[in-house]
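What follows is each chain in one-letter form.
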Amino acid sequence: MSLRQRFSKRARRVFQAASQEARRLNNSRVEAEHVLLGLLRDDSGVAAHAMENLQIDRTAISIEVERLVHRGLNPHGADNPPRAPSAEHVIEYAIEEAKKLSHDYVGTEHILLGLLRESEGVVARVLEKSGVVLNEVRAEITRILQPSADQTKAVARPSAGTTPKKTETEFFLAVYRSAIDFYQPRIEKRTGVSLGKISVWDYGQLHCHVIRNLKRRLGFIRALLHRRRIKSYSEQIGMTCADRAHHCGASYYRNGIYVSFLSGTAHEHAIAEITVHELSHALWEKIEGVPLDENRRGAKRVSRPEYEKFVLLLEGYAMYAQTVWFRDLYPPSARNKVYARLNHESVYCRGCQRIEELVRDSGEQVLLEIPQRWRTL
């Protein structure tokens with residue numbers, strides 16, 4: 001069957017990488033071991049998160065496969081080598097695994113489960129030697145992809161722009177949730193600051209949550225009398241920020257990360273960086289002891305210059321954390337890919353430069369002081 005019929009874009013890239021591995025090793029056909037090598041190239045899909053969570057050493061597996069794989073003698077292999085029966089079996093098993101999980105797509109997680117069902121050959125020997133157990137991997141993948149009650153509610157309200165399929169929404173909410181589970185405890189251990197429970201929501205929920213919080217703080221009658229205030233605030237943080245969320249992929253607000261599902265959002269890469277960036281906003285909020293929105297002009301009357309300083313330092317702080325402070329927390333395969341493709345005149349870059357100056361002048365300990373001292377910096 002054609003890989004395009006049911007396989008996700010990331011899963012198809014795994015098989016493209018498998019073809020490249022077969023050519024690199026001078027093999028005339030794509031075997032299951034080439035599929036495994038292609039899968040190990042991917043470092044941000046569900047399969048990669050599952051292996052990371054189970055502390056499976058992907059580098060060691062890759063080295064062992066290369067040691068055992070048969071190398072051909074002809075350096076001029078076909079551009080599109082055919083798939084061997086072992087690779088076809090992996091595809092069949094992956095489709096079966098997707099059906100078992102009631103998924104209408106086949107992703108990297110299903111390919112991993114399909115590889116684990118291979119009972120003989122290089123793949124079976126390497127995975128068995130590495131202690132990778134099918135049932136454990138399947139349980140971890142199910143945990144990653146199982147949406148929480150909060151996430152199920154969020155899916156019920158599609159966001160602005162192109163509405164994704166429910167399965168796509170659940171998938172990306174689950175990937176962000178998995179990334180939070182991975183990075184939050186590491187950030188808390190390094191800083192000594194508890195971030196509390198961070199939920200994940202569809203971006204379409206942000207507007208109603210902003211309004212609800214304002215009504216709770218102001219009281220219902222006062223909130224009605226402050227409609228203009230609520231409107232300006234919701235425009236600043238709520239749905240009219242869709243363009244910004246479209247580019248960054250997620251926004252942090254009151255112990256929640258709101259994931260944008262607008263058409264074109266780069267969900268398939270940089271999810272780790274986006275998660276670390278938004279968790280850094282949560283870190284600032286916990287250190288300062290004031291919800292971030294309390295510093296915004298719609299919720300609290302502050303001068304324009306003071307507000308601009310707040311945004312500069314806040315976004316610079318998160319950008320510095322994302323690209324420098326917490327860089328070594330990323331999996332080894334992702335560390336060299338951390339980057340921020342931003343306009344040098346943007347608030348992110350200018351703020352990051354300011355944070356770098358403060359760290360250079362006062363040492364890294366200043367990072368735990370900036371949120372409480374931002375007005376005086």
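Residues numbered from 1 in each chain as written. Predicted model: local features only at pLDDT ≥ 70, side-chain atom pairs only at ≥ 80, totals over all residues. Heavy atoms only, no water.

Participant: Before we move on, could you go through the overall build of the chain and cite the residues and values that matter?
Facilitator: Looking only at helices and strands, one finds 20 helices and three strands in the chain. For the chain, buried positions account for 52% of its 377 residues. Accessible surface, the chain as shown: approximately 18,200 Å² in total, 49% of it carbon and sulfur. (Helix = DSSP H or I, 4+ residues; strand = E, 2+ residues; numbered from the N terminus. Buried < 20%, exposed > 50% of the residue type's maximum accessible area, 1.4 Å probe, protein only. Areas by Shrake-Rupley, 256 points an atom, 1.4 Å probe, with all protein chains shown as cover.)

Participant: An account of empty space enclosed by the protein is requested, with residue identities and associated values reported.
Facilitator: All chains considered together, the criterion is met by one cavity of 30 Å³ or more. Looking at the largest cavity, the residues that line it are L36, L40, M51, I56, I61, L112, L127 and V132. (1 Å grid on protein atoms, 1.4 Å probe; cavity = no way out; pocket = protein on both sides within 12 Å on 5 of 7 lines; lining within 4 Å. Points joined across faces, edges and corners; volume = space filled by probe spheres on them.)

Participant: Could you give an account of the packing of helix α3 (residues 32–41) against helix α5 (residues 58–68), with specific residues and numbers?
Facilitator: Look at α3 against α5: their axes get within 10 Å of each other, and the N-to-C directions meet at 150°. Considering the angle they form, α3 stands roughly antiparallel to α5. The interaxial crossing formed by α3 with α5 has left-handed handedness. For the pair α3 and α5, the contacting residues are E33, L36, L37 and L40 in the first and R58, I61, S62, V65 and E66 in the second. (Axes fitted to C-alpha atoms, helices over the stretch in contact; angles between N-to-C directions. Parallel < 35°, antiparallel > 145°, perpendicular 65-115°, else oblique. Left-handed = near helix turned anticlockwise from the far one by under 90°. Contact = heavy atoms within 4.5 Å.)

Participant: Residues and numbers for helix α16 (residues 271–288), please.
Facilitator: Helical geometry: 3.6 residues make up each α-helical turn, so side chains three or four residues apart lie on a common side. Taking 1.5 Å per residue, 18 residues should reach 26 Å; α16 reaches 26 Å between its end C-alpha atoms and fits that length. Buried residues dominate α16, accounting for 16 of its 18 residues. Note on α16: the residue one or two positions beyond its end, G289, has a positive phi of about 80°. (Expected span 1.5 Å × (residues − 1).)

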